[in-house]
Amino acid sequence: MPERYEITVPSDLANLACIAEFVTHAALRLGLSEQQAFEVQMATDEACANVMEHAYGPGVAGSLSIACELEGDDLVVTIRDRGRPFDAKRVPPPDLTRPLADRRVGGLGLHFMHKLMDRVVFHHDAETGNELRMYKRRSP
Amino acid sequence: MDVKARQLKRVDLVEVSGRVDSATAPQLEAALQAIMAQDRFRIVVDLQGLEYLSSAGLRVLVAALKQARRWNRGDIRLANVPPRIQSVLQLAGLDAIFRIYDSAVDAVGSF
């Protein structure tokens with residue numbers, strides 16, 4: 001049976017630290033380097049913060065599950081929730097070259113997810129809810 | 001996360017350690033706002049013990065930076081930035097926006 005790690009936590013920002021510890025541990029167990037495990041942890045933290053703050057929103061009860069497993073040479077992190085659907089296309093990418101005064105102070109989380117992972121796929125299903133899959137290639 | 005603020009003669013020194021994520025970023029924001037509420041806008045943020053800084057923490061730092069630099073009244077300068085945090089700043093395109101120093105002494109002396 002292939003190695004698979006999964007946790008389910010209530011939507012509460014206080015649980016982000018526990019998710020980070022879980023994902024770091026799982027990524028190391030699944031053969032990623034320390035640096036890669038840090039990057040996967042960071043992308044997962046940003047994704048879960050988005051779910052808690054936007055898909056559910058403050059004070060809304062709900063839970064999210066985070067699973068880590070290997071698919072070939074990729075570590076795949078799957079995050080599922082039953083909050084509002086998320087349309088990534090509606091979040092404009094941050095312009096990192098603008099002078100400070102003109103900077104929008106948002107949109108960075110999604111930018112980090114795309115930069116830190118090799119592939120990021122959002123999927124919404126009316127029956128099963130939101131599913132985000134993020135892929136990270138293991139370095140040889 | 002742990003935030004310790006110390007008032008020096010001309011500068012305020014803020015030491016941040018641990019994890020700054022969406023849950024803890026408001027604490028960092030409160031510490032910086034408490035200093036600026038006293039009309040003190042020359043701030044050094046020492047990141048020596050910082051393990052993680054998420055986009056929520058960066059938003060706090062950038063908002064405070066804008067506020068401090070308004071009317072040339074001050075600045076927020078970073079010291080002792082760990083390599084991982086430096087790479088996060090680069091990824092956000094913020095490494096060129098903050099003035100970064102090797103030590104808190106250098107950063108304090110730069111004002």
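Residues numbered from 1 in each chain as written. Chains lettered and ligands numbered in written order. Predicted model: local features only at pLDDT ≥ 70, side-chain atom pairs only at ≥ 80, totals over all residues. Heavy atoms only, no water.

1. Description of the overall build of chain B
Counting its secondary structure elements, chain B contains four helices and six strands. Since a compact globule built from 111 residues should have a radius of gyration of about 13 Å, the 12 Å found for chain B is in line with a globular shape. Along the first, second and third principal axes, the C-alpha atoms of chain B reach 30 × 25 × 25 Å. Among the 111 residues that make up chain B, the fraction classed as buried is 53%. If you take every contact in chain B between residues at least 6 apart in sequence, the share linking residues at least 24 apart comes to 70%. Per element, the accessible surface of chain B, about 4,900 Å² overall, is 47% carbon and sulfur. Taking the 15 positively charged and 12 negatively charged side chains of chain B as two groups, their mean positions are separated by 6 Å. (Helix = DSSP H or I, 4+ residues; strand = E, 2+ residues; numbered from the N terminus. Rg over C-alpha atoms; globule rule 2.2 N^0.38 Å. Buried < 20%, exposed > 50% of the residue type's maximum accessible area, 1.4 Å probe, protein only. Contact = heavy atoms within 4.5 Å. Areas by Shrake-Rupley, 256 points an atom, 1.4 Å probe, with all protein chains shown as cover. Lys, Arg positive; Asp, Glu negative; His and termini not counted. Charge placed at Lys NZ, Arg CZ, Asp CG, Glu CD.)

2. A closer look at the pairing of strand E2 (residues 12-20) of chain B
Residue and element names in this part refer to chain B. The buried fraction of E2 amounts to seven of the nine residues, a majority that puts the element mostly inside the structure. As paired strands, strand E1 (residues 2-7) and E2 are joined by six bridges and run antiparallel to one another. Directly across from Ala-5, in E2, lies its bridge partner Val-14. Counted along the chain from E1 to the antiparallel partner E2, the turn is four residues long. Pairing between E2 and strand E3 (residues 42-46): four bridges, direction parallel. When the sheet's bridge partners are listed, Asp-12 is paired in E3 with Ile-43. In this structure, E2 lies alongside strand E4 (residues 50-53), joined through three bridges in parallel fashion. Bridging across to E4, Val-20 finds its partner in Leu-53. (Pairing = 2+ DSSP bridges.)

3. Considerations on the confidence of the model for chain B
Within chain B, residue pLDDT values average 96, and 100% of them lie at 70 or more. Across the whole predicted complex the pTM is 0.93, and at the interface the ipTM reaches 0.94. (pLDDT = per-residue confidence, 0-100.)

4. Comments concerning the environment of Val121(A)
Residue and element names in this part refer to chain A. Assignment of secondary structure puts Val-121 in strand E4 (residues 119-125). Look at Val-121 and you get partly exposed, because its relative accessible area is 32%. Separated by 118 residues in sequence, Val-121 and Glu-3 place their C-alpha atoms 22 Å apart. If we skip the residues at most four places from it in the chain, Val-121 touches Glu-131, Leu-132, Arg-133 and Tyr-135.

5. Some remarks on unusual backbone geometry
Residue and element names in this part refer to chain B. We note that Asp-39 has phi near 60°; this positive angle belongs to a residue other than glycine. Inspection of the secondary structure puts Asp-39 in the loop between helix H1 (25-36) and E3. A residue is classified by how much of its surface remains accessible, and Asp-39, at 61% relative accessible area, is exposed. Even without glycine at this site, Trp-71 takes up a positive phi of about 55°.

6. What to know about the sheet that holds strand E5 (residues 129-137) of chain A
All names here are of chain A. Read across the open sheet, the five strands follow the order E1-E2-E3-E5-E4; overall the sheet is antiparallel. At either margin of the open sheet sits one strand with a lone partner, and together these are strand E1 (4-10) and E4. Each strand axis lies, on average, 15° off the axis of its neighbour in the sheet, ignoring direction. Where strand E2 (residues 63-71) lies against strand E3 (residues 74-81), eight bridges are found, and the strand directions are antiparallel. Bridge pairing in E3 places Ala-67 opposite Thr-78. Contacts between helix H1 (residues 16-29) and the sheet are confined to E1, E2 and E3, with E1 contributing the most and set at about 175° to the helix. Strand contacts of helix H3 (residues 108-116): E4 and E5, with the helix running at about 125° to E4, the strand carrying the most contacts. (Axes fitted to C-alpha atoms, helices over the stretch in contact; angles between N-to-C directions.)

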